[in-house]
Amino acid sequence: MTARIIDGKAIAADLRGKVTDAVHRLRRDRGIVPGIAVVLVGQNPASKIYVRNKSNAVTAAGITPFDHVLPATTTEAELIELVARLNADAAVNGILVQLPLPPQIDAQKIIAAIDPEKDVDGFHPLNAGRLASGLPSLVPCTPLGCLMLAKTVHPSLAGMEAVVIGRSNIVGKPVAQLLLAENATVTIAHSKTASLRDVCGRADLLVAAIGQPEFVRGHWIKPGATVIDVGINRLPGEGGKSRIVGDVAYAEAKSIAGALTPVPGGVGPMTIACLLLNTLRATCMQHGVPAPRF
Ligand code: NAP
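Residues numbered from 1 in each chain as written. Predicted model: local features only at pLDDT ≥ 70, side-chain atom pairs only at ≥ 80, totals over all residues. Heavy atoms only, no water.

**Description of empty space enclosed by the protein**
Per the counting criterion, the structure on display carries 2 cavities of 30 Å³ or more. Along its surface, the largest cavity is lined by Ile-95, Leu-96, Val-97, Leu-99, Leu-101, Ala-107, Ile-110, Ile-111, Ile-114, Asp-119, Asp-121 and Phe-123. Here the lining of the largest cavity is composed, by residue class, of 10 nonpolar, no polar and 2 charged. If you add up the space inside the second largest cavity, you get close to 40 Å³. In terms of lining, the second largest cavity is formed by Pro-143, Cys-146, Leu-147, Ala-150, Val-175, Leu-178, Leu-179, Leu-205, Val-207 and Ile-228. Looking at the lining of the second largest cavity, the elements that each hand over two or more residues are helix 6 (141–153), helix 7 (172–181) and strand 7 (205–208). (1 Å grid on protein atoms, 1.4 Å probe; cavity = no way out; pocket = protein on both sides within 12 Å on 5 of 7 lines; lining within 4 Å. Points joined across faces, edges and corners; volume = space filled by probe spheres on them. Nonpolar A, V, L, I, M, F, W, Y, C, P; charged D, E, K, R; others polar. Helix = DSSP H or I, 4+ residues; strand = E, 2+ residues; numbered from the N terminus.)

Following this line, the structure appears as C-alpha cells:
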C-alpha cells in the first residue's frame, strides 16, 4: 500500500483563501477590519521566523497586524501591562504572545491575562475549559488544523479508534478533545505509556505530537490508518544545512498507512491558516456578527 499524502499546503491555501474572502466581505458590508497583535519577546531565532510568517499571512488575508517586538529583558509586569492595553484596544481582535517566553516571565500568567475573547491561540484556561466542556470556544490552531486535515480523509470520525501521542496543553490535549467531540474513541499516550507500539497499532487515526524525530516506526502503524504528524524536528542535513523531519518515520509510514501528512507541508501550514480563521471568528464574536462556517 502507498499512503495518500494529505497536502496540508494546498488545504491551508484553500482555507486562507476562504478567510481572506470573508475578511473582505466583513470590511465591505459592515466596515469591520479584523486586527491581531503578535507579541514577540526576545530574539529566539525560531520564534522570529514564526512571527514573521504569521505577520505576512495576516497582512495577505486583509487583517491588520499590530506587531510588538520587546527586548529579552522585558519583565512580567511590563508584558502584562502591554496585554492589558491590547485587551482594551477595540482595533485589536486577537492577541498572540509567541512562546516560549524568557525565564523571568511565567507564560501561564501571561496567557491568563489575555482577554479570552481575543485569545486566538486558544490557550486561555477558560477556552481550554470550554473546549473540554463541549462549549463553543477559540480552539488552539495546530489541533484545529490536525482535525481539519483528518476530516479531508474521514468526513465523519464517529466510532474511529484515535490515538494521540503527546499530552501538551498546546497540541496533544486539545487534539484529543476535538477528536472526542467528533465521537472518536480517543486514547492519549505519553512518555509513561506502557507498550506504546501496541497502543499505536489499534489506531485508525494516529496523531503524533511528541517532538522526537521519526519516533513512530512504520511497523507500529495499523495498515490503512490515517497518520497526522505534528512534529517539527530539525536534523543536520547535507552541506551544513539542516532538514526538518516529523515525529513519524515518513518513508516507512508511507508504505503502510492509508493516508499521511508530510513534514514539512502537512500540519505546519494549517497552523497559520487556523490562526487567521480564529482571528476572523474572534472579530465576528466581538461584533456580534455570525462567524462564517467553512
Ligand atoms: P511537548 O510540550 O514537548 O510535549 C511532548 C509530548 O510528547 C509530551 O506529552 C510527552 O510526554 C510526549 N512524549 C515525549 N517523549 C515521548 C515518548 N518517548 N513516548 C511517548 N510520548 C512521549 O511538545 P508539543 O508542544 O506538544 O509539540 C510536539 C511536537 O509538535 C514538536 O515536535 C513541536 O515542534 C511540534 N509542533 C508543531 C506545530 C506545527 O505547527 N506543526 C505546532 C506546535 C508544535 P510527557 O507528557 O509524559 O512528558
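**Thoughts on the pattern of salt bridges**
This model, assessed by the stated rule, comprises 7 salt bridges. The residue Lys-222 makes a salt bridge to Asp-204 at a minimum N-O spacing of 2.8 Å. Here Lys-222 is found in the loop between strand 7 and strand 8 (226–229), whereas its partner Asp-204 is found in the loop between helix 8 (196–201) and strand 7, with 18 residues between them in sequence. A salt bridge links Arg-217 to Glu-252; the shortest N-O distance between them is 2.6 Å. A residue pair is termed long-range when its members are at least 10 positions apart, and Arg-217 in the loop between strand 7 and strand 8 and Glu-252 in helix 9 (residues 250–254) qualify at 35 residues. Residue Arg-217 is classed as partly exposed on the basis of its relative accessible area, which comes to 34%. The partly exposed category is assigned to Glu-252, whose relative accessible area is 30%. (Salt bridge = Lys/Arg side-chain N within 4 Å of Asp/Glu carboxyl O. Buried < 20%, exposed > 50% of the residue type's maximum accessible area, 1.4 Å probe, protein only.)

**A few points about the site of the ligand**
By nearness alone, 21 residues border the ligand, and Arg-167, Ser-168, Ser-191, Val-230 and Thr-271 come closest of all. Here an oxygen atom of the ligand and a side-chain polar atom of Thr-271 are 2.8 Å apart. Considering the ligand on its own, with 920 Å² of exposed area, one finds that the protein chains cover 71% of that surface. Here the shell around the ligand takes 3 residues from helix 10 (residues 267–287), the largest share from any one element. Of the residues contributing to the shell around the ligand, the split by class is 9 nonpolar, 11 polar and 1 charged. (Near = heavy atom within 4 Å. Polar contact = N/O pair within 3.5 Å; in protein donor to acceptor, adjacent residues only side chain to side chain. Areas by Shrake-Rupley, 256 points an atom, 1.4 Å probe, with all protein chains shown as cover.)

**Regarding the environment of Val-171**
Along the polypeptide, Val-171 turns up in the loop between strand 5 (161–165) and helix 7. Look at Val-171 and you get buried, because its relative accessible area is 12%. Between the C-alpha atoms of Val-171 and Ala-209, which are 38 residues apart in sequence, the distance is 6.7 Å. Setting aside its immediate chain neighbours within four residues, Val-171 contacts Thr-142, Pro-143, Ala-209 and Val-230. (Contact = heavy atoms within 4.5 Å.)

**Concerning the sheet that holds strand 3 (residues 64–70)**
Backbone hydrogen bonds are what pair the strands of a sheet, in a parallel or an antiparallel way. One open sheet accounts for 3 strands, arranged 3-2-4; its pairing is parallel. Only two strands of the sheet have a single neighbouring strand rather than two, namely strand 3 and strand 4 (94–97). Averaged over neighbouring strand pairs, the angle between their axes works out to 15° when direction is ignored. (Pairing = 2+ DSSP bridges. Axes fitted to C-alpha atoms, helices over the stretch in contact; angles between N-to-C directions.)

**With respect to the packing of aromatic side chains**
For the coordinates displayed, the defined rule picks out 1 aromatic pair. Ring plane angle 85° and centroid distance 5.6 Å describe the contact between Phe-215 and Trp-220, whose orientation is recorded as edge-to-face. For Trp-220, a relative accessible area of 13% puts it in the buried group. (Phe/Tyr/Trp six-rings, centres within 6.5 Å; stacked < 30°, edge-to-face > 60°.)

**Observations regarding the packing of helix 6 against helix 7**
Contact pair helix 6 / helix 7: the axes reach a minimum separation of 8 Å and the direction vectors enclose 40°. One element, helix 6, and the other, helix 7, form an angle in the oblique class. Of the two elements, helix 6 crosses helix 7, and the hand of that crossing is right-handed. Here Pro-143, Leu-144, Cys-146 and Leu-147 of helix 6 lie close against helix 7, whose contacting residues are Pro-174, Val-175, Leu-178 and Leu-179. (Parallel < 35°, antiparallel > 145°, perpendicular 65-115°, else oblique. Left-handed = near helix turned anticlockwise from the far one by under 90°.)

**Structural notes on helix 1 (residues 8–30)**
With 23 residues, helix 1 extends 32 Å from end C-alpha to end C-alpha; this agrees with the ideal 33 Å at 1.5 Å per step. Considered for burial, the residues of helix 1 that qualify are Gly-8, Ala-12, Leu-15, Val-19, Ala-22, Val-23 and Leu-26. Where helix 1 is buried, its residues touch helix 6 and helix 10. Backbone geometry just after helix 1 places Gly-31 at a positive phi near 70°. (Expected span 1.5 Å × (residues − 1).)

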